[in-house]
Amino acid sequence: MNTFDLQKPTSIEGAAALLPTSSDSRQAVLLAGGQDLLGELKDGLVEPERVVNLKGVAGLDAMNWEADGSLTLGALVTLQSLAEEPRVLEEMAVLAEAAQQVGSPQIRSVGTVGGNLNQRPRCWYYRNADSVCLKKGGTHCFAQLGENKYNAILGGGPTYIVHPSDLAPALVALGASAVLVSPRGRRTVLLSEYYLLPADDGITRETIREPDEVLASVHVPVQRQGMRSTYIKFRERGSYDWALSSVALCLWMSDGMTTGARLVLGGVAPTPWRCESSELLLVGHAVDEQTIRRVVDEALRQAEPLSDNAYKVPLTKGLVTRALQTLAS
Amino acid sequence: MTSARNRPEWGSNDTHALLNSDIPRVDGPEKVTGRAIYTHDIRLPQMVYARLVVCPYPRAKIKSQSYRKARKVPGVVHGAPFKEVGDSIAFQGADGVVGAIVAETPEAAAAGLCGVKIDYEVLEPVVTPEDALAPGAPVVGRRGNVTGLSSSGDRAEVEAALSECAAVVRGTFRVPVQHHVSLETHGVVVDYRGGNEATVYFSTQGVTGSNREFASHLDLPSENVRVVAHNVGGGFGAKFGGGIEGRIACELALELRRPVHLMLTREDEFLMAGNRSGSEQRVIAGASRDGVFKALAVEADRHGGVGRGALPTPPYIYSVGNTYSEIRSVHTATDSSRAMRAPGHPQASFAMESVLDELAYGINMDPVEFRKKNLADPVYHRQLDRVAKEIGWLEHPHRTQPGVPENALAVGIGFGVAIWGSRSRDITVVDVRIGPDGSVLAATGVQDIGQGARTLVAAIVAEELGLAAHEVSTDIGDSRLPPSVASGGSVTTGSLGPSVKDGAFNARVELAKRIAPMLDAEPEEIRFADHRVFVEGDSGRSVSWKQACASLGKDPLQVSGRFQPHLRDQGIHGAQAAKVEVDLLTGRVTVLKMVSIQDQGLPLNRMAIRSQMNGGMIQALSFALFEERVLDKKTGLMLSGNLENYKIAGCGEMPELVAIIDDEDTREAVMGMAEASNIPGHSAIGNAIYNACGLRLREMPFTPARVLQAKGGMS
């Protein structure tokens, strides 16, 4: 780890002002819970001149229920407090379940909403300090033809990372948006539009966040009445691990028929992977064996596995099946 | 209660006051509260911290290198290469250590390491056996990429026997390279500040005699070098000898005249500190209709990197009519294998137990019955019956064919057996000293690597003298103490126990001689129990332990114990069973329960033995489901160089573990048992997967990907 200048601003605007502008070549990074950043620093993956610690920004750890029933999560809300919030458990199970399954208890007690959404990929080649892969300015994605059992089956190319966030699929399923603050002002973007596919300029970054922007908060809109939701995360090692594949599912049913659905996959694509065409196949149908088969086939129709990750196709189909069976029963 | 025979005897297993019961570790509280000092924890005045510069590529040439920036990092006191520009790195491991950085703090050393700039020409890595065997492959070892070919048996006879078999199975079994993953990595602290003496703190499995190696590096007389290993955070076979890191630490200390702390990082550990060799075994096996294992042909490759690797010659444990085998080492440019718990045995077990299982199902025979039919030794019969009963085999609904999944979930049971030599060495000397204040000290150069050697020393002496284990002080883990055995191959108990017993016996006899006149009795009539010394048959004539010791006057009583071959034996068995649930929708294998039974003669400390069995089952479970070294085939970079990517089982994976001590083994002798409990667990898990759902997994680990691949569920 190299030496760096540690700044502790007291306002979000002050934090943004410490970030580099386009004409500024200094590297600066944001520190929230540090669960990803400290690993990146110690492994020499980032060598910033400045680290901007957000912990001094008052109110950034607040979780607020608005009068209309929507929820605002400050960037520094910890995963543990989100997992334990009674109204989240009751009204947005998909989000609570996603938070509950991140990392280990130690990581959840320190890791934050903002950090979880903005963490960098776990790809073996990206994380290996000696490998200069495409994401790190190299010429090749080594996973494409190398060891790729954990890499993308959907949306890959030219890089094949999977986005490691558990909250992201859940929040995309809930239609959440993010508030970004920079010296140029403030903007709100849907989380479904926050993440970038590699082919859409998402090679050395995973999100549309500009270098001088801070993710200040996440807003989860009030959900239509009667929503059932769940997040199923499948880990190779149950004790603590990243998702080999995960499913965020929100379902609305009436008289045994699906009236609405949102299905988002994690761990299989460089972004949270919304399955809109599968959602349409659910609406107007009972969740029976035939519908489930059509839905899971459609969800994975575009899958293009690499040499070692074809198993993610049946695995993900199995998880979507379980999620649908769980919510429909 | 002890008797007064003229030579030490353990006596039958039901005569002990302390031994053959659960004896909590005497150093348990120290260890769980963090007070125990390991090599990693040593802090000395003026000490500096060293880090190794390790080439990440197995084969490379140094095009340019600069340590200038590293040396400028505040706190860095030394930074230098071991290789010149133009030098090659021939293989991952010791040859990849190309330099060192030394600093005042660990942080400065790490920062210094970042400042080292080396430009490598990356050469063809040769990290897979396929690459090593390819025509024109670069030669990795001095003697070529294939060495050590040995064959046994007559192939024609085996083929003839196979042609008459009712069931014939074929399969290629692959076992990956596994790391030891000791909690404490390899390393030393060399305390040399100039002059003629040095102390080396050393995380080792063999203290006695290790001073000679360091003395040679330091160019000092061996008696002037003291090696200390009071606590060792595991070794599992990888910690014999100081290694290249030990030599480098000595050289740095010689140059800097300051104590040098050099512990490997986890990544270094995985790159250069040894491993369990992988293997590929191509097997054909046949059995008759009535369940006789008739024929076995095995062609096997050991994958020990630049090392030899390990694999016993078939047939493994079971009796087979005709066996033919061909075994060779296929060398890759990767770190050399080292000994690891029962070297070669878990690999052999996986192939043997799997084909055996397949044969049993092939003739519709209960796999437990098939095993017993092909195991001559009746100990295996009782042990298999016991684990079968404990795991619920007799009530299990499908014993001669796989089950049918319900809601994509299937439950199955599998088995495996073990064997180990448990030899011992005549080397250990134990000094026992009894003070006039009643204190007792037992001293010998053995090391506690987590197996409980310290407790064993205390408990055997305490038993003899009628005391509690914690009342006997121990002095171990020091090269200046009387010699003891290096801990590997389960030799510690059989080599140490008899000497401790002899020392304790001699102390008791000597003390009895001193006390006898006080109690108006013959020395042979004196007994020791419950902190009292008394005359046999007349408890009225007695003194307390303290009073007895006070009679020694000013000088302590000092005696020694030596190895007594009649107090040890060798040769153990062992059987295990595993019950798993397979989720065919996701490929998840969940181990629900494991059962292990082990014979070992006199069970000195039942708690320690059950701990060893639990440890063996857990390591086997972890091996079965997770562990696999992964190297990039194109560059050779290690992709699994940390405990995020090299996965080991955690609390969430723990099944119900049942460890059974085989009390039908009534040998009045001691021997080690740990290696055996590491051998069959993963085989039992693989067999349980088959019993559950009919999927035969021939490649470890049994990951969701492999289960789903085997299921052929690819779309």
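Going along each chain's sequence as written, the residues are numbered from 1 onward. As they are written, the chains are lettered A onward and the ligands numbered 1 onward, keeping that order. Predicted model: local features are reported for residues with pLDDT of at least 70 only, side-chain atom pairs are reported and counted for 80 or more only, and whole-chain, interface and lining totals are derived from all residues. Heavy atoms throughout the structure, all of them, feed into the side-chain values; hydrogens and water do not.

Taken together, the contact between chain B and chain A spans 36 residues of the former and 31 residues of the latter. Defined here as a combined quantity, buried area equals the accessible surface (1.4 Å probe) lost by two parts on assembly, summed across both. Roughly 2,900 Å² of surface becomes buried between chain B and chain A when both sides are summed, with 52% attributable to carbon and sulfur atoms. Between Lys or Arg on one side and Asp or Glu on the other, a salt bridge is scored when a side-chain nitrogen of the former is within 4 Å of a carboxyl oxygen of the latter. The interface formed by chain B and chain A includes 5 salt bridges. For Lys647(B), the salt bridge is made with Asp241(A), and the minimal N-O distance between the two is 2.8 Å. In the analysis that follows, any N or O atom pair within 3.5 Å is treated as a polar contact, provided that within protein one partner can donate a hydrogen and the other can accept it, and provided that, for residues neighboring in sequence, both atoms belong to side chains. Taken together, chain B and chain A are joined by 17 residue pairs in polar contact (both at pLDDT 80 or more). We call two residues in contact when some of their heavy atoms are within 4.5 Å.

Quick look at empty space enclosed by the protein now. Residue and element names in this part refer to chain A. Here the term cavity refers to a set of points on a 1 Å grid, laid over the protein atoms alone, in which a 1.4 Å probe fits but cannot get out; the term pocket refers to an open set having protein on both sides within 12 Å along at least five of seven lines, with lining residues being those that place an atom within 4 Å of a point. Grid points are joined across faces, edges and corners, and a volume is the space filled by probe spheres set on the points. Tallying each qualifying case throughout the model produces 8 cavities of 30 Å³ or more. For the largest cavity, the calculated volume is near 250 Å³. In this structure, the largest cavity is lined by 18 residues; those nearest its centre are Arg-122, Cys-123, Tyr-150, Val-162 and Trp-242. Any residue that is not Ala, Val, Leu, Ile, Met, Phe, Trp, Tyr, Cys, Pro, Asp, Glu, Lys or Arg is counted as polar, Gly included; the first ten are nonpolar and the last four charged. Across the lining of the largest cavity, the residue classes tally to 9 nonpolar, 2 polar and 7 charged.

A few words now on the environment of Ser349(B). Residue and element names in this part refer to chain B. A run of H or I in DSSP counts as a helix once it spans at least four residues, and a run of E counts as a strand once it spans at least two, with each numbered from the N terminus. By the secondary structure assignment, Ser-349 is in helix 9 (residues 345–362). Ser-349 sits in the buried class, given a relative accessible area of 0%. Put simply, Ser-349 and Ile-679 are 330 residues apart on the chain and 6.8 Å apart in space, counted from C-alpha to C-alpha. Aside from chain neighbours lying at most four places away, what touches Ser-349 is Tyr-316, Ser-354, Ile-679, Pro-680 and Ser-683. A 1.4 Å probe rolled over the protein chains alone gives each residue an accessible area, and that area as a share of the maximum for its type sets the label: buried under 20%, exposed over 50%, partly exposed in between.

Residues and elements named next belong to chain B. Mapped onto the fold, Asn-687 is located in helix 17 (residues 681–693). At a separation of 3.1 Å, a polar atom in the side chain of Asn-687 contacts the main-chain carbonyl oxygen of Phe-415. Once residues within four sequence positions are removed from consideration, Asn-687 is found in contact with Glu-353, Ser-354, Asp-357, Arg-371, Ile-413, Gly-414, Phe-415 and Arg-696.

For the rest of this paragraph, the subject is the packing of aromatic side chains. Any two of the Phe, Tyr and Trp rings considered here, Trp counted by its six-membered ring, make a pair once their centres fall within 6.5 Å; the pair's planes then place it as stacked at under 30 degrees, edge-to-face at over 60, or tilted in between. Counted according to the given criterion, the structure contains 12 aromatic pairs over all chains. Both rings, one in Tyr125(A) and one in Phe142(A), keep their centres 5.9 Å apart while their planes meet at 50°; by these two values the pair is tilted. One end of the pair, Tyr125(A), is in helix 8 (residues 124–127); the other, Phe142(A), is in helix 9 (residues 142–145), with 17 residues separating them in the sequence. The class for Phe142(A) is partly exposed, based on a relative accessible area of 30%. What links up through ring pairs into an aromatic cluster is the set Phe173(B), Phe350(B) and Phe702(B). Any Lys NZ or Arg CZ that is within 6 Å of a ring centre and within 35 degrees of that ring's normal is treated as a charge sitting over the ring. Above the ring of Tyr240(A), the side-chain terminus of Arg237(A) is found at 4.3 Å from the ring centroid.

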